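Below are the chains, spelled out letter by letter.
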Amino acid sequence: MTYQERISYLKRLKEVILKYELDIKEALYLDLGKSSQESYITEIGLVLSEITYHMKHLKKWMKPKRVKNTLAVFPAKSFLVPEPFGKVLIIGPWNYPFQLIFNPLVGAISAGNKAVLKPSELAVNTEKLIVKLIKEVFSEDLVEVVTGGVEVTQELLNQRFDYIFFTGSTNVGKIIMRAASNNLTPVTLELGGKSPAIVMDTKDIKHAAYKIAFGKLINAGQTCIAPDYVLIREKDKPSFIEYYKEAVTKYYGSNPLESNDYPKIINNRHHQRLLSLVKETTILYGGTSNEFKIAPTIVEPKINSKIMVEEIFGPILPIITINQIEEIKDYIQEKPLATYLFTESKKIEDYVINNISTGGMTINDTLMHFSNHHLGFGGVGHSGMGKYHGKHSFDTFTHFKPVLKKSKHFDVPAKYLPSSDKKERFIKHILK
Ligand code: NAD
């Protein structure tokens, strides 16, 4: 795809998203009960700003990049030529059903690929709208949307693609990677896990509680990088809980279950799963629910209970007390997708940065490292592999083909056979 073609598709995509902004919000409201503002911040606006950024920088990114030569190849020109992988498969989850299909798509298109999109079958209204929007912008040959359940995804995985970009759970990530290996297809896996929030040696417990409540309760906790649980000193626990309650009231009013700003749980299966997680705990705050929503809840978990093993993915916050910073290692076992730290101590900050391997980290806030596309977003270990956003997305969907153009005017005769001690001595000067 030429630069002009890529730009015109990105421009068209932006126009169509703006044209259907209200329909997208409506679909997200029906699927997840998201408010208009939350839908704009966490889904529509993110995609629009990603498109704007790609359009601004694409010309520069597409240029072959000169790199240095080594002595062994001198004189020559060496450069990296960005080429698209070909046809990529993008599989999305239900929690940010719009953004997590369109954001990778922006990278795929700006890098010049064709794409097959498989949105989540659980966010049915958004899935329907994605089909409509894509048809308005792309020919089916360029970008196709395939809808359906698990069997449809499995069928897609039997086909050969040049790249697979998957966002979803760690368990399904393993299935994707296994299937990709049949064709040696490279993958990006954007997975989940249990992201800790550590509060230690800070006088500002209010700040920590407000930021953790914001990160936990956006999309009712159904966010891959939501703080999963809190590790805090015993002495700070009561004030943390009080400030958390205060934050909830400030954000969602005195009865969050009735608030139009407070999203619902995607379906009954997840609703029941979350309620069963609470059963094994002592409820310190909240714990109420209605047919669709679960109120912001703080619990004290029992050791080794299910809530401390599986990703919670809902508005329930276990709170665990620790005495020393070293104890965080007892709780952070798999490499998390995100880690949050609230501290005023440089020593604690250094300890966490240097001892915890994590996909990404925000200090003194939650979620926000996701919003800086210069950082790149992704997991490590069981929380995933590869990263995207901004230039990282272009790079993810690009093969940087190394090309060496050798000058005919000079050569190193010593590299040719027959061998001799003299030639080898010369080579040893270069390769050492
Ligand atoms: P999921 O893994 O169940 O489903 C994701 C996609 O995989 C869906 O499109 C689904 O159709 C497909 N799928 C499900 N089971 C499959 C199977 N057996 N074989 C082939 N395909 C299958 O995930 P989900 O429930 O939709 O989303 C929640 C998970 O996604 C959480 O773990 C969350 O942390 C993670 N997530 C990660 C990110 C990220 O950016 N890292 C973002 C959002 C969500």
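One can find the structure itself at the top, above this paragraph.
Residues numbered from 1 in each chain as written. Predicted model: local features only at pLDDT ≥ 70, side-chain atom pairs only at ≥ 80, totals over all residues. Heavy atoms only, no water.

A. Representation of the overall build of the protein chain in the model. The number of helices and strands found in the protein chain is 14 helices and 16 strands. Based on the C-alpha atoms only, the size of the protein chain along its principal axes is roughly 80 × 55 × 35 Å. The buried share of the protein chain, taken over its 432 residues, is 52%. Pairs at least 24 apart in sequence give 70% of the contacts found in the protein chain among residues at least 6 apart. Total accessible area on the protein chain is roughly 20,600 Å²; 55% of this is exposed by carbon and sulfur atoms. Here the protein chain holds 57 positive side-chain charges and 46 negative ones, and the gap between their average locations is 10 Å. (Helix = DSSP H or I, 4+ residues; strand = E, 2+ residues; numbered from the N terminus. Buried < 20%, exposed > 50% of the residue type's maximum accessible area, 1.4 Å probe, protein only. Contact = heavy atoms within 4.5 Å. Areas by Shrake-Rupley, 256 points an atom, 1.4 Å probe, with all protein chains shown as cover. Lys, Arg positive; Asp, Glu negative; His and termini not counted. Charge placed at Lys NZ, Arg CZ, Asp CG, Glu CD.)

B. Region of the structure containing the packing of aromatic side chains. Applying the stated rule across the entire model yields 16 aromatic pairs. When the ring of Y210 is compared with that of Y251, the centres are 6.1 Å apart and the planes differ by 80°; the resulting orientation is edge-to-face. Here the residue Y210 occupies a position in helix α8 (residues 205–217), and Y251 occupies one in helix α9 (residues 237–252), the gap between them amounting to 41 residues. Put simply, the rings of F85, Y163, F165, Y388 and F397 pair up and form one aromatic cluster. The ring of F292 has K264 lying over it, and the distance from NZ or CZ to the ring centre is 5.5 Å. (Phe/Tyr/Trp six-rings, centres within 6.5 Å; stacked < 30°, edge-to-face > 60°. Lys NZ or Arg CZ within 6 Å of the ring centre and 35° of its normal.)

C. The arrangement of the site of the ligand in detail. Around the ligand sit 26 residues in total, of which W94, E121, S169, L191 and E311 are the nearest. The separation between an oxygen atom of the ligand and a polar side-chain atom of K118 is 3.4 Å. In this structure, E190 approaches the ligand through a main-chain N or O atom, which is 3.4 Å from a nitrogen atom. Protein chains shield 90% of the accessible area of the ligand, which is 840 Å² for the free molecule. Listed by contribution, the elements that provide at least two residues to the shell around the ligand are α6 (150–158), β6 (163–167) and α7 (170–181). Residue contributions to the shell around the ligand peak at 3 residues, all from α6. Across the shell around the ligand, the residue classes break down as 13 nonpolar, 9 polar and 4 charged. Taken domain by domain, the shell around the ligand gets at least three of its residues from each of domain 1 (3–191 + 380–402) and domain 2 (196–373). (Near = heavy atom within 4 Å. Polar contact = N/O pair within 3.5 Å; in protein donor to acceptor, adjacent residues only side chain to side chain. Nonpolar A, V, L, I, M, F, W, Y, C, P; charged D, E, K, R; others polar. Domains from an automatic or database assignment.)

D. Main features of the sheet that holds strand β14 (residues 360–363). Strand order in this open sheet of 7 strands is β10-β11-β12-β9-β8-β13-β14, and the pairing throughout is mixed. At either margin of the open sheet sits one strand with a lone partner, and together these are β10 (281–285) and β14. Taken pair by pair, the neighbouring strands of this sheet meet at an average axis angle of 25°, ignoring direction. Bridge count between strand β8 (residues 195–199) and strand β13 (residues 338–342): 3 bridges; the pairing is parallel. Bridge pairing in β13 links A197 to Y340. (Pairing = 2+ DSSP bridges. Axes fitted to C-alpha atoms, helices over the stretch in contact; angles between N-to-C directions.)

Bear in mind that shape data such as this cannot, by itself, settle questions of function.
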